[in-house]
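# Chain and residue survey
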Amino acid sequence: MTNNENKGFTSKVGLIMAAAGGAVGLGNIWKFPYIAGENGGGAFLIVYLLCVLLFGMPLLMTEFLIGKRSGKSAYGAFRALDGSKKWDWLSWLCVLTALLIMAFYFIVTGWCFNYFAEALTNAFQGMGTAALEAHFTKVTTNPIRMVGFSLLPVVLTATVLWFGVKEGIERLSKILMPLLLVMMLLMVGRVLMLDNSNIGMQFFFRCDFSKITPKVIMEAMGQCFFSLSIGMGALITYGAYMPKEQNVTATSIQVIVLDTLVAILAGLIIFPAVFSFGFDPAEGPELVFVVLPAILEKMSLSWLSSILFFGLLCIAAVTSTISLMEVAVAFVCEASNDKLNRHKSVLIISAIVTVLVVACVYYKQLFSIFDNVTSCVLMPIGALGMALFVGWNLPKNGQKGVLNADKGIKHFAGKVYIAVLRFIVPAAIILIFLNSLGII
Ligand code: PHE
C-alpha cells in the first residue's frame, strides 16, 4: 500500500472518525463493562484511566507516526524505517494478534447480529432477568446458529475490503458514530431514572484502593490496549492513510477522548441497570447481552430503540473488524510482493478467520484464551516492541524523520515524547508484567 492508493480519506474529520470508528467497538461497549464488573468497578476505572494517559497517548502517536512516515502498513513499515528485516518479528506479531482477535471478535459481533435480528421481531418483550439469562445461554450454545451469525460479519467485512475500504468507512463512520453517541446518551438518561441506579453509580465511580491488585492493573492495561487498538498495527495503517498536513498529536487526543467517552458511557448505562434489575456485575462476557435488552425494554418506543441500538452496535463492531482484517489483508499483499493481490488476500484471510471462528465456537476455552492472551500478552508485547523500535532502535535522524511526520510535535515536545518511549512506556509494561507474574 503506497500513499497514492490512499486517496480515500478526503478530510481530516473523515480520518479521525474512521480511526475512532476502528477503535470504538465491542471493546468499549461489550468488554469494558464486563472487565470492569469483574475487577471491582471504581478501582478498575481509575487504573484504566491512568493506563490511557500513560500508554494511550504515546503509543497511539507512535503507531500513527510510523504509518505516516513510512506510508506502509504493519508489514512494510518497520522494514522501510529500519532498512533491514530485523523487525519482521513485530510485523508477524501484529498479524498473529489480528487473527486471534478476529477469532473471538467475530463471534461477539455474531451475538450482536443475532440480537439485532431478534430485536426486529420484538423478541425480548416481557422477558425478565432470568429469562434473558436463559435466552443468552440458549442462543450462544447453539453452534450452528453461532457459526452462521458469526460468519455473516466475516462476509460483510471481507466485502468491504474487497471493494477497497476507505471511502466506505469514511462516509459510514461520519454519520453513524455521532448517532451511536446520541443513542447512548439517551440510554444513560433512562437508566439513571431507574430505582437503585445510585448503587450502580457508586460501584462504578467509588474507588476502593484496597481492590487494586496486580490482576486489576494487568487487566486495565490489557483493556486499554484493546480498546484503543494499540500494539497490533491497525493504527499504522490509518497513519499511512493520513493526509500530509494532518496533526498527529491532535488526532491522537481526539481518538482517545472519543474512545474513553464511549467506554464511560457504556459503564454509565450498564452498572446502574445491573443493580436496578438484580444482575451480577461480575457475570462475565454475557453481562452486556443480558442487561441491554432489559434496559431497552424500559425505553420509550422500546421496539424501535432496540432495533436502533443493536443496529448501531453491529455497525460499531463491523467498523472495528474492518480495521482488524485490513491489518492481515495488507500483510498478505505486502509480504507476497503483491503476487497475491487484494482480492486473493481477502479470500485467504477470510478462510483462515472462518476456521478460527468455527474452532472458537466449538471449543469455548479457545474463546477466552484468545480474548485474554491478545489483550494482556500480545498487544502489550507489540506495543513494547514499537516503543523500543522508535525509542532505541532508530538512529537520531530516523527519529527526527518520524517526528517530522507530525507538524504538531515541536522541539521540546518531541524530546519529551522520545524520552517517554525510551524509558517510561517500556518500564511500565515490564513492571506490570513482572508484577502480575508475582515476581515483584
Ligand atoms: N478497539 C476495538 C474495540 O474496542 C477492537 C480492536 C482491536 C480493533 C484491535 C482493531 C484492532 O472494539
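Treat the numbers as computed from the prediction; the structure is a model and nothing was measured.

### As for the overall build of the protein chain
- Along its length, the protein chain carries 18 helices and 0 strands.
- Here the C-alpha atoms of the protein chain give a radius of gyration of 21 Å, agreeing with the 22 Å that 2.2 N^0.38 yields for 440 residues.
- Seen along its three principal axes, the alpha-carbon backbone of the protein chain occupies a region of about 65 × 50 × 40 Å.
- Taking the intrachain contacts of the protein chain between residues at least 6 apart in sequence as the baseline, contacts between residues at least 24 apart amount to 85%.
- Taking the average location of the 30 positive side-chain charges in the protein chain and that of its 23 negative ones, the two points are 11 Å from each other.

### Some details on the side chain of Lys-31
- Within the fold, Lys-31 resides in helix H2 (residues 26–38).
- Residue Lys-31 is classed as buried on the basis of its relative accessible area, which comes to 2%.
- A polar contact is formed between the side chain of Lys-31 and the side chain of Asp-371, at a distance of 2.7 Å.
- Beyond its immediate sequence surroundings of up to four residues, Lys-31 is in contact with Leu-26, Gln-223, Phe-226, Asp-371 and Ser-375.

### Focus: the site of the ligand
- Near the ligand you find 16 residues, and of these Ala-23, Gly-27, Tyr-105, Phe-226 and Ser-229 are the closest.
- Protein coverage of the free-state accessible area of the ligand, which is 320 Å², stands at 100%.
- Most atoms of the ligand, that is more than half of them, are within 2 Å of grid points of the largest cavity.
- Broken down by secondary-structure element, the contributors of at least two residues to the shell around the ligand are helix H1 (12–23), H2, helix H10 (214–228) and helix H14 (302–335).
- Residues that form the shell around the ligand fall into these classes: 8 nonpolar, 8 polar and no charged.

### Some remarks on the layout of surface pockets
- When its volume is computed, the largest pocket comes out at roughly 420 Å³.
- In this structure, the largest pocket is lined by 17 residues; those nearest its centre are Lys-400, Leu-403, His-411, Gly-414 and Lys-415.
- Looking at the lining of the largest pocket residue by residue, the class counts come to 6 nonpolar, 5 polar and 6 charged.

### Examining the packing of helix H7 (residues 143–162) against helix H15 (residues 342–362)
- Viewed as axis vectors pointing N to C, H7 and H15 meet at an angle of 160 degrees, and their least axial separation amounts to 10 Å. One way to sum up the angle between H7 and H15 is to call them roughly antiparallel. Read as a crossing pair, H7 and H15 show a hand that is right-handed. Contact with H7, carried on its side by Pro-143, Ile-144, Met-146, Val-147, Ser-150, Leu-151, Val-154, Ala-158, Leu-161 and Trp-162, involves Arg-342, His-343, Val-346, Leu-347, Ser-350, Val-353, Thr-354, Val-357, Val-358, Val-361 and Tyr-362 of H15 and no other residues of that element.

### Notes on the environment of Met-299
- Tracing the backbone shows Met-299 in the loop between helix H13 (287–298) and H14.
- Those residues in contact with Met-299 that sit more than four places away from it in its chain are Leu-186, Met-187, Arg-190 and Ser-305.

### Re helix H9 (residues 197–205)
- Considered for burial, the residues of H9 that qualify are Ser-197, Gly-200, Phe-203 and Phe-204. Projected down its long axis, H9 shows its buried positions confined to an angular sector of 115 degrees, all on one face.

### As for H14
- Taking 1.5 Å as the rise per residue, H14 with 34 residues should run 50 Å; its terminal C-alpha atoms sit 49 Å apart, in good agreement.
- Along H14, 29 of the 34 residues are buried, which leaves the element largely enclosed by surrounding structure.
- Positive phi shows up at Asn-337, right after H14, with a value of about 55 degrees.

### Quick word on the packing of aromatic side chains
- Within this structure, the stated rule accounts for 33 aromatic pairs.
- Look at Tyr-115 and Phe-124: their rings are 5.2 Å apart centre to centre, the planes differ by 20 degrees, and that puts the pair in the stacked class. The pair Tyr-115 / Phe-124 is uniform in exposure class, with both members buried.
- Its end group placed over the ring of Phe-226, Lys-31 keeps NZ or CZ at 4.3 Å from the ring centre.
- Stacked on the ring of Trp-392, the Lys or Arg Arg-422 has its end atom at 3.8 Å from the ring centre.

### Side note on the pattern of salt bridges
- According to the stated counting rule, one finds 4 salt bridges in the structure shown.
- Between Lys-31 and Asp-371 there is a salt bridge, and its shortest N-O distance comes to 2.7 Å. Of the two residues, Lys-31 is situated in helix H2 and Asp-371 in helix H16 (residues 364–393); the sequence distance between them amounts to 340 residues.
- Taking the relative accessible area as the measure of exposure, Asp-371 reaches 2% and is therefore buried.

### Structural notes on the side chain of Ser-375
- Its location among the elements puts Ser-375 in helix H16.
- For Ser-375, the contacting residues outside a window of four places in its chain are Lys-31, Gly-222, Phe-226 and Pro-380.

### Some remarks on empty space enclosed by the protein
- Evaluated as defined, the whole model comprises 5 cavities of 30 Å³ or more.
- In this structure, the largest cavity spans a volume of roughly 130 Å³.
- Forming the boundary of the largest cavity are 18 residues, of which Gly-22, Tyr-105, Phe-226, Ser-229 and Leu-324 lie nearest the centre.
- Among the elements of the structure, H1, H2, helix H5 (88–120), H10 and H14 are those that each provide at least two residues to the lining of the largest cavity.

Criteria and cut-off values
Residues numbered from 1 in each chain as written. Predicted model: local features only at pLDDT ≥ 70, side-chain atom pairs only at ≥ 80, totals over all residues. Heavy atoms only, no water. Helix = DSSP H or I, 4+ residues; strand = E, 2+ residues; numbered from the N terminus. Rg over C-alpha atoms; globule rule 2.2 N^0.38 Å. Contact = heavy atoms within 4.5 Å. Lys, Arg positive; Asp, Glu negative; His and termini not counted. Charge placed at Lys NZ, Arg CZ, Asp CG, Glu CD. Buried < 20%, exposed > 50% of the residue type's maximum accessible area, 1.4 Å probe, protein only. Polar contact = N/O pair within 3.5 Å; in protein donor to acceptor, adjacent residues only side chain to side chain. Near = heavy atom within 4 Å. Areas by Shrake-Rupley, 256 points an atom, 1.4 Å probe, with all protein chains shown as cover. 1 Å grid on protein atoms, 1.4 Å probe; cavity = no way out; pocket = protein on both sides within 12 Å on 5 of 7 lines; lining within 4 Å. Sits in = over half its atoms within 2 Å of the grid points. Nonpolar A, V, L, I, M, F, W, Y, C, P; charged D, E, K, R; others polar. Points joined across faces, edges and corners; volume = space filled by probe spheres on them. Axes fitted to C-alpha atoms, helices over the stretch in contact; angles between N-to-C directions. Parallel < 35°, antiparallel > 145°, perpendicular 65-115°, else oblique. Left-handed = near helix turned anticlockwise from the far one by under 90°. Arc of directions from axis to C-beta. Expected span 1.5 Å × (residues − 1). Phe/Tyr/Trp six-rings, centres within 6.5 Å; stacked < 30°, edge-to-face > 60°. Lys NZ or Arg CZ within 6 Å of the ring centre and 35° of its normal. Salt bridge = Lys/Arg side-chain N within 4 Å of Asp/Glu carboxyl O.

Just geometry here; none of it tells us what the structure is for.
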